[in-house]
Amino acid sequence: MLPGALVVAALAQQVPAPAPAPASTPAPLKPPTRADILRGEYGRYRANNDLLSYHLDVRVDPEKKSIAGSNTIRFRMLKDDSRIQLELYANLNVDKILLGTTPLKYERELNTVWVDFPQPLKAGRDYAIAFHYSGNPRELGRFGGMSYKKDPTGKDWIFTACEGEGAAIWWPNKDQWRDEVEKMEISVAIPNGLTDVSNGKFAGKTDLGDGYTRWDWQVQYPINNYSVSVNIGNYVHFEDRLEDLPLDFYVLPGSLEGAKRQFAQAKGMIEAYEHFFGE
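Residue positions within a chain follow its written sequence, with the count starting from 1. For a predicted model such as this one, the threshold for reporting local features is a pLDDT of at least 70, and the threshold for listing and counting side-chain atom pairs is 80 or more; totals across whole chains, interfaces and linings nevertheless cover every residue. The basis for the side-chain values is all heavy atoms of the structure; hydrogens and waters are excluded.

Chemist: Tell me about the packing of aromatic side chains, residues and numbers included.
Modeler: For Phe, Tyr and Trp, rings pair up if their centres lie within 6.5 Å, where Trp contributes its six-membered ring, and each pair is then called stacked (planes under 30 degrees apart), edge-to-face (over 60) or tilted (otherwise). Considering all chains together, one arrives at 12 aromatic pairs under this definition. With a centroid separation of 5.9 Å and an interplanar angle of 80 degrees, the aromatic rings of Tyr-45 and Trp-114 are classed as edge-to-face. Taken together, the residues Tyr-45 in helix H3 (residues 44-47) and Trp-114 in strand S7 (residues 112-121) connect sequence positions 69 residues apart. Given a relative accessible area of 21%, Tyr-45 falls into the partly exposed group. Residue classification places Trp-114 among the buried positions, given a relative accessible area of 9%. Each member of the aromatic cluster is reached from another via a ring pair, and the members are Phe-202, Trp-215, Trp-217 and Tyr-250. Only lysine NZ and arginine CZ atoms are considered, and such an atom sits over a ring when it is within 6 Å of the ring centre and within 35 degrees of the ring normal. Arg-83 extends its terminal NZ or CZ atom over the ring of Tyr-45, reaching a point 5.8 Å from the ring centre. We note Lys-260 situated over the ring of Phe-238; from NZ or CZ to the ring centre the distance is 6.0 Å. Here a helix means four or more residues in a row that DSSP labels H or I, a strand means two or more in a row labelled E, and each is numbered from the N terminus. Remark: exposure states derive from per-residue accessible area (1.4 Å probe, protein chains only) relative to the maximum for the residue type, with buried under 20%, exposed over 50%, and partly exposed in between.

Here it is as structure tokens:
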């Protein structure tokens, strides 16, 4: 070893080791806010009913960045009661809530909608209400909420993502994770020339005669609220099959050839899921 190196090594041995950093004190827990409780608690007016199905039927206006329509909510009462708890973000309008043809009274508290019935609903019976709403859904962050964008060619490109924010950011529902509907219908009316891709199986489209076409989808399995989605764009469609299972893909035109190569792996993925989780 060179003499200079010996000096450096000796000096290094004389330098005291840095003192350990003091342990950080965890921040004290704050008590839950009223908004926290309303969102997270499975209280009386959620626990008194069991979701059965939704039919979300909406019209999306890309120019106004708005949505309007209704969600028909079917549920079974588990206890006699005259109120249930639903959610819709406070910036969206509750236009009316109907039980059959009877308008129901409701109260709004933050993003919660308390729905009241003129007579107590009976345990064991099924009911359906139509929750009509409208407004301009919020867009949070890069993908949160309902985003109104343009694709690379300047066409409208609209999509939803709301696991963190909650599905009530763009449609009314019982917005928590403990209760899921058993099935669902999704109907989305959009300007002609665009395509809506939503959950489940494509059930058809209808030209409404006013410049809009309604796209209908059927979900035949339990689904959580935040997974319900609309994906609206100038999509092209291609298909494949895995034995008797149809595979449908919707992509932007400029991505078609790349998507065909990329989604070739879908068959192997599905086979792996079936191997570990069942058909």
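Structure's up, so let's keep going.
Chemist: Give me the sheet that holds strand S8 (residues 126-135): which residues, what numbers.
Modeler: The strands that make up a sheet pair up through hydrogen bonds in the backbone, lying either parallel or antiparallel. Strand pairing requires that DSSP identify at least two bridges connecting the strands. What the eight strands build is an open sheet, ordered S5-S4-S8-S2-S1-S12-S15-S14; its pairing is mixed. Pairing within the sheet leaves two strands with one partner each, and these edge strands are strand S5 (102-103) and strand S14 (201-207). Alignment of strand S4 (residues 93-99) against S8, held across five bridges, turns out to be antiparallel. Residue pairing across strands places Asn-93 opposite Ser-134, the latter belonging to S8.

Chemist: Residue-level account of the environment of Ile-169, with values.
Modeler: Along the chain, the position of Ile-169 falls in the loop between strand S11 (156-161) and strand S12 (183-191). With a relative accessible area of 0%, Ile-169 lands in the buried category. Expressed as a C-alpha distance, the spacing of Ile-169 and Asn-91, which sit 78 residues apart in the sequence, is 8.8 Å. Whether two residues are in contact is decided by their heavy atoms: any pair within 4.5 Å suffices. Among residues more than four places away in sequence, those in contact with Ile-169 are Tyr-89, Leu-92, Pro-137, Arg-138, Leu-140, Gly-145 and Cys-162.

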